[in-house]
Structures are given as structure tokens and as C-alpha cells.
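# Examination of the molecular architecture
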Amino acid sequence: ISQLLGEDGGHYLHDNRILTDNALLHQQHWSERLGAYADYGNHTHNTALEWVRPRAAPGQDPRSLPPPQLIRVVRKPPRLQYVGALGYVSFFPFFLQVLNPSSPHLGRLLDHIRDSDKVWTPYGIRSLSKSSSLYLQRNTEHDAPYWRGPVWINMNYLAVRALYLYSHMEGPHRDRLASLYRELRQNLLANLYRQYKDTGFLWEQYNDQTGKGQGCFPFT
């Protein structure tokens, strides 16, 4: 856009070079334990939702107490570490075509994508691995597992597009990429068609276990 407007876009070019530097990406975000890319920051895995019930003071009518609340409790202080939750965020370097097609990590990402115990479903790629401790878990009482399992079409579009484009690049995984592209594309379109035929709508997201549309509608 800067070039089209005749403006100086040097700082954008600088940022682009940093964000597409595969060596820096691997250094900062590759988690060997997870076998994928991960956010890094102040984090703790040891949290829980617990019901807190107010106690009546001596002589106080218990009926006047506020209702119990589901409170997020941090049982272990956060520390600098990889978040370690396998899901859409783990595949962004691939989905956004930052990753080199000859990357030594690409094969492991494809393993995760096609694993039905992780993110693969007959309806598309789920947002969080089924094996994650956060899978379908609420974040707070009023924060449902919005991105912790359901299938999102916008992210699956990025996945299908990346599989297609990488399958046309030189690299060691071309045949596998082409096969995954065809299979994922078919799964997505078949379920979208079924749900549209049954309900008359395209939906915000789709249940990763049944394929049924859920959330907002129409969502076109």
C-alpha cells in the first residue's frame, strides 16, 4: 500500500523481514516438547474454576447473600514459558505461509494436523487439540470454550489455502500436502453443505464432534 501511494514503507518492510525470518521464528516460538509453534510469555498451567459461596455473618439471613460465583483460581504463579496448547495458534506460521516449504518442522506440523486425537475431525480442523487439558473447558463462568474445540471456517480456509499453495512448491512433503488439501477441502465442503441443507444457514462455528452448526447465524 505504501508503494502504491508513493509513501516510504521502509519500516513495514523491516517488520516483514523480521516476522518472516524462519531462524528467528524457530528460536523464539518452536517448542520441542509440544512439537509445534507456541506463544511464549508469563504463563501458568495450574489454574482451576472453583465455586465460591459467601458465608452469612452471625445473625444474617442466608437468603440475603449473593449467589455463588465460579471464580478462576491460580494455584501456581505464572512464569516465563511456552503456553503449550496445541491448536490454531500452533500452525500460524504454516497457515500464513511464513514457513519455508523445506522446513524441518513442517512434517511434524502435518502429523499434528492429521491426527484425530488432536485437531483433525471429519468436519474440519478443530481449534484446540482434543488431548489438551483445556479442550472444551471454560475460562471463566461467563467465558465459554469459544476457541477450545469448535471448528472455525475462517481458520480452516487458511489451512486449505496453505495446503494447496505448499503442495505446488518444491519440498519434501508435496504429495502429502496435496492429499491433505483434498481431504480437508472435501470434509469442510461436505459438512457445510449438509448443515446448510438441514438448517438453511451457514454458521459461525461447527461442533467438532457432530459437525452441527452453532453460534451466530446467518454467518456468511
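Rules of the game
- Residues numbered from 1 in each chain as written.
- Predicted model: local features only at pLDDT ≥ 70, side-chain atom pairs only at ≥ 80, totals over all residues.
- Heavy atoms only, no water.
- UniProt positions renumbered as here; feature names shortened; annotations may be inferred.
- Patch = residues over 30% accessible without salt bridge, like charges linked within 9 Å, V, L, I, M, F, W, Y side chains within 5 Å.
- Areas by Shrake-Rupley, 256 points an atom, 1.4 Å probe, with all protein chains shown as cover.
- Salt bridge = Lys/Arg side-chain N within 4 Å of Asp/Glu carboxyl O.
- Helix = DSSP H or I, 4+ residues; strand = E, 2+ residues; numbered from the N terminus.
- Buried < 20%, exposed > 50% of the residue type's maximum accessible area, 1.4 Å probe, protein only.
- Phe/Tyr/Trp six-rings, centres within 6.5 Å; stacked < 30°, edge-to-face > 60°.
- Axes fitted to C-alpha atoms, helices over the stretch in contact; angles between N-to-C directions.
- Parallel < 35°, antiparallel > 145°, perpendicular 65-115°, else oblique.
- Left-handed = near helix turned anticlockwise from the far one by under 90°.
- Contact = heavy atoms within 4.5 Å.
- Domains from an automatic or database assignment.
- Buried area = accessible area lost by both parts, 1.4 Å probe.
- Polar contact = N/O pair within 3.5 Å; in protein donor to acceptor, adjacent residues only side chain to side chain.
- Nonpolar A, V, L, I, M, F, W, Y, C, P; charged D, E, K, R; others polar.

Looking at an unreviewed UniProt entry, the chain carries the name mannosyl-oligosaccharide glucosidase, with the source organism given as Xenopus laevis. According to the UniProt record, the Subcellular location (unreviewed entry) comment for the chain is "Endoplasmic reticulum membrane". Under the UniProt heading Sequence similarities (unreviewed entry), the note attached to the chain is "Belongs to the glycosyl hydrolase 63 family."

### Thoughts on a nonpolar patch on the surface
Nonpolar side chains collect at one region of the surface, where Ile-1, Leu-4 and Leu-5 lie side by side and expose about 440 Å² of accessible area between them. Looking at the secondary structure, you find Leu-5 in helix H1 (residues 2–5). According to the relative accessible area criterion, Leu-5 is exposed, its value standing at 61%.

### What about the UniProt feature "domain: Glycosyl hydrolase family 63 C-terminal" (unreviewed entry) in the chain?
Summarizing the sequence annotation, UniProt attributes the feature "domain: Glycosyl hydrolase family 63 C-terminal" (unreviewed entry) to residues 2–220 in the numbering used throughout. Across residues 2–220, helical content stands at 34% and strand content at 15%; the span's end C-alpha atoms are separated by 31 Å.

### What to know about the packing of aromatic side chains
Each aromatic ring pair is specified by the distance between its two centres and by the angle formed by the two planes. Tallying each qualifying case throughout the model produces 13 aromatic pairs. Centroid distance Trp-203 to Phe-217: 4.4 Å. Interplanar angle 40°. Geometry classified as tilted. Highlighted residues: Trp-203 in the loop between helix H7 (174–199) and strand E9 (205–206) and Phe-217 in the segment after strand E10 (213–214), separated in sequence by 14 residues. Take Trp-203: its relative accessible area is 14%, and that puts it in the buried class. Exposure remark for Phe-217: the relative accessible area of 43% places this residue in the partly exposed category.

### Observations concerning the pattern of salt bridges
Under the definition given, this model contains seven salt bridges. Across the pair Arg-126 and Asp-208 runs a salt bridge, and its minimum N-O distance is 2.8 Å. Remark: Asp-208 occurs in the loop between E9 and E10 and Arg-126 occurs in the loop between strand E8 (124–125) and helix H6 (153–166); sequence separation between them is 82 residues. A residue is classified by how much of its surface remains accessible, and Arg-126, at 4% relative accessible area, is buried. On the basis of relative accessible area, Asp-208 is assigned to the buried category, the value being 4%.

### Comments concerning the packing of helix H5 (residues 106–113) against H7
Between H5 and H7, whose axes approach to 12 Å, the crossing angle comes to 25°. Taken together, H5 and H7 sit at an angle that is classed as roughly parallel. For H5 against H7, the interelement crossing comes out left-handed. Contact residues: Leu-106, Gly-107, Leu-110 and Asp-111 in H5; Arg-176, Leu-177 and Leu-180 in H7.

### Comments concerning the domain arrangement of the chain
Under the domain assignment, the chain is made up of domain 1 (12–39 + 83–214) and domain 2 (43–81). Between the C-alpha centres of domain 1 and domain 2 there is a distance of 34 Å. Taken residue by residue, the interface counts six residues in domain 1 and eight residues in domain 2. Ranking the residues of domain 1 by area buried against domain 2 places Val-83, Asn-139 and Glu-141 at the top, with a combined share of 73%. Counting across the interface, domain 1 meets domain 2 through zero salt bridges. At the junction of domain 1 with domain 2, the criterion picks out one residue pair in polar contact (both at pLDDT 80 or more). The residue inventory of the side of domain 1 that touches domain 2, partitioned by class, reads one nonpolar, two polar and three charged.

### Section: unusual backbone geometry
With an omega of -5°, the peptide bond between Phe-217 and Pro-218 qualifies as cis. By the secondary structure assignment, Pro-218 is in the segment after E10. The phi dihedral of Gln-97 falls on the positive side, at around 60°, and the residue is not glycine. Under the relative-accessibility criterion, Gln-97 is labelled partly exposed at 29%.

### Description of the environment of Arg-148
As for its position among the elements, Arg-148 is in the loop between E8 and H6. Separated by 12 residues in the primary sequence, Arg-148 and Leu-136 place their C-alpha atoms 5.1 Å from one another.

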